[in-house]
Amino acid sequence: DGHELLYDRYAEALRRLGAEEPSAPILRAFEKSLLSELGYAMLLDRDASNGEAIRSSDRYTYDPERGPVRLNGSKGLFEIDGRTLLALSRDDYSDPSTLAQSKALMRWIINHRLDHKPLASRRIFKELLEL
């Protein structure tokens, strides 16, 4: 059942946060799981406009309804590096730039999906980190 899987991932994220592991990778992975379980799995490895593989050297805009679309000199609503999209697809947050861009993308997508209503898990995770 999807709800049990999400609950298990939530419990695992809390356990790992309690073990004082770095919080950002844990939170990004949980956010991806949350979106997926809600039916909004993120396209991260293909260009939504043509199905081509994401190129790490290119820059993309992320359309929350479709996924990444390579920029061709124009400005996008939310811009992100191809290398960040690929790293996010692998849950690889070792690069500080990738980590920062991933956080911004996940917040933007979640806010879009929630119609800018606050997410209770953010408050809970923050309170847990303050303990």
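Note: the structure precedes this text.
All of these numbers come straight from a predicted model, not from anything done at the bench. (Residues numbered from 1 in each chain as written. Predicted model: local features only at pLDDT ≥ 70, side-chain atom pairs only at ≥ 80, totals over all residues. Heavy atoms only, no water.)

Draft legend 1. Highlighting the overall build of the protein. What the protein contains, in helices and strands, is 5 helices and 3 strands. Going from the N terminus to the C terminus, the protein shows its helices and strands as α-α-β-β-β-α-α-α. Split into buried and exposed, the 131 residues of the protein put 34% on the buried side. Relative to all contacts within the protein whose residues are 6 or more apart in sequence, the contacts with residues 24 or more apart total 46%. (Helix = DSSP H or I, 4+ residues; strand = E, 2+ residues; numbered from the N terminus. Buried < 20%, exposed > 50% of the residue type's maximum accessible area, 1.4 Å probe, protein only. Contact = heavy atoms within 4.5 Å.)

Draft legend 2. Representation of the nonpolar core in the model. If you look at the biggest cluster of nonpolar residues, it comprises 16 residues, and the most contacted ones within it are Met42, Tyr62, Leu85, Leu88 and Leu105. Counting residues per element, this core draws most heavily on helix α4 (residues 96–113), at 4 residues. With near-sequence residues (within four places) excluded, tyrosine 62 lies in contact with Met42, Leu43, Leu44, Gly67, Pro68, Phe78, Leu85, Leu105, Trp108 and Ile109. Listed in part, the 7 residues of the second largest apolar core include Leu6, Leu17, Ile26 and Leu34. (Core = buried A, V, L, I, M, F, W, Y, C linked by side-chain atoms within 4.5 Å.)

Draft legend 3. Representation of the packing of helix α2 (residues 23–37) against α4 within the structure. Between α2 and α4, the least distance of the axes is 10 Å, while the angle of their chain directions is 35°. α4 is crossed by α2, and the crossing has left-handed handedness. Side by side, α2 and α4 meet where Ala24, Pro25, Arg28, Glu31, Lys32 and Leu35 of the first sit next to Leu99, Ser102, Lys103, Met106, Ile109, Ile110 and Arg113 of the second. (Axes fitted to C-alpha atoms, helices over the stretch in contact; angles between N-to-C directions. Left-handed = near helix turned anticlockwise from the far one by under 90°.)

Draft legend 4. Focus on the sheet that holds strand β1 (residues 59–63). The 3 strands are arranged β2-β1-β3 in an open sheet whose pairing can be described as antiparallel. Edge positions in the sheet fall to β2 (67–70) and β3 (79–81), since each has one partner strand and no second. Geometrically, the sheet is characterised by an average inter-axis angle of 45° between neighbouring strands, direction not taken into account. When β1 meets β3, the two strands line up antiparallel, connected through 3 bridges. Bridged to arginine 59 within β3 is aspartate 81. The strands touched by helix α3 (residues 82–89) within the sheet are β1, β2 and β3, with β3 carrying the most contacts at an inclination of about 75°. (Pairing = 2+ DSSP bridges.)

Draft legend 5. Summary view of the pairing of β2. Here 4 bridges tie β1 to β2, and the two strands are oriented antiparallel to one another. Looking at β2, one finds that tyrosine 60 is bridged to arginine 70. Connecting β1 to the next strand, β2, in antiparallel fashion are 3 residues.

Draft legend 6. Fine view of the pattern of salt bridges. Taken as a whole, this structure holds 13 salt bridges when the rule is applied. In this structure, glutamate 79 engages arginine 59 in a salt bridge whose closest nitrogen and oxygen atoms are separated by 3.5 Å. Here glutamate 79 is found in strand β3, whereas its partner arginine 59 is found in strand β1, with 20 residues between them in sequence. The exposure class assigned to glutamate 79 is partly exposed, which follows from its relative accessible area of 22%. Residues aspartate 81 and arginine 83 are paired through a salt bridge, measuring 3.5 Å at the closest nitrogen-oxygen approach. The network of salt bridges with common partners includes Glu52, Arg55, Asp58 and Arg70. (Salt bridge = Lys/Arg side-chain N within 4 Å of Asp/Glu carboxyl O.)

Draft legend 7. Fine view of the packing of α3 against α4. Relative orientation of the contacting elements α3 and α4 amounts to 80°, with a least axis distance of 9 Å. Comparing the axis directions of α3 and α4 gives the class roughly perpendicular. Residues Arg83, Thr84, Leu85, Ala87 and Leu88 of α3 lie in contact with α4, whose contacting residues are Ser97, Thr98, Gln101, Ser102, Leu105 and Met106. Across the contact of α3 with α4, the residue classes break down as 5 nonpolar, 5 polar and 1 charged. (Parallel < 35°, antiparallel > 145°, perpendicular 65-115°, else oblique. Nonpolar A, V, L, I, M, F, W, Y, C, P; charged D, E, K, R; others polar.)

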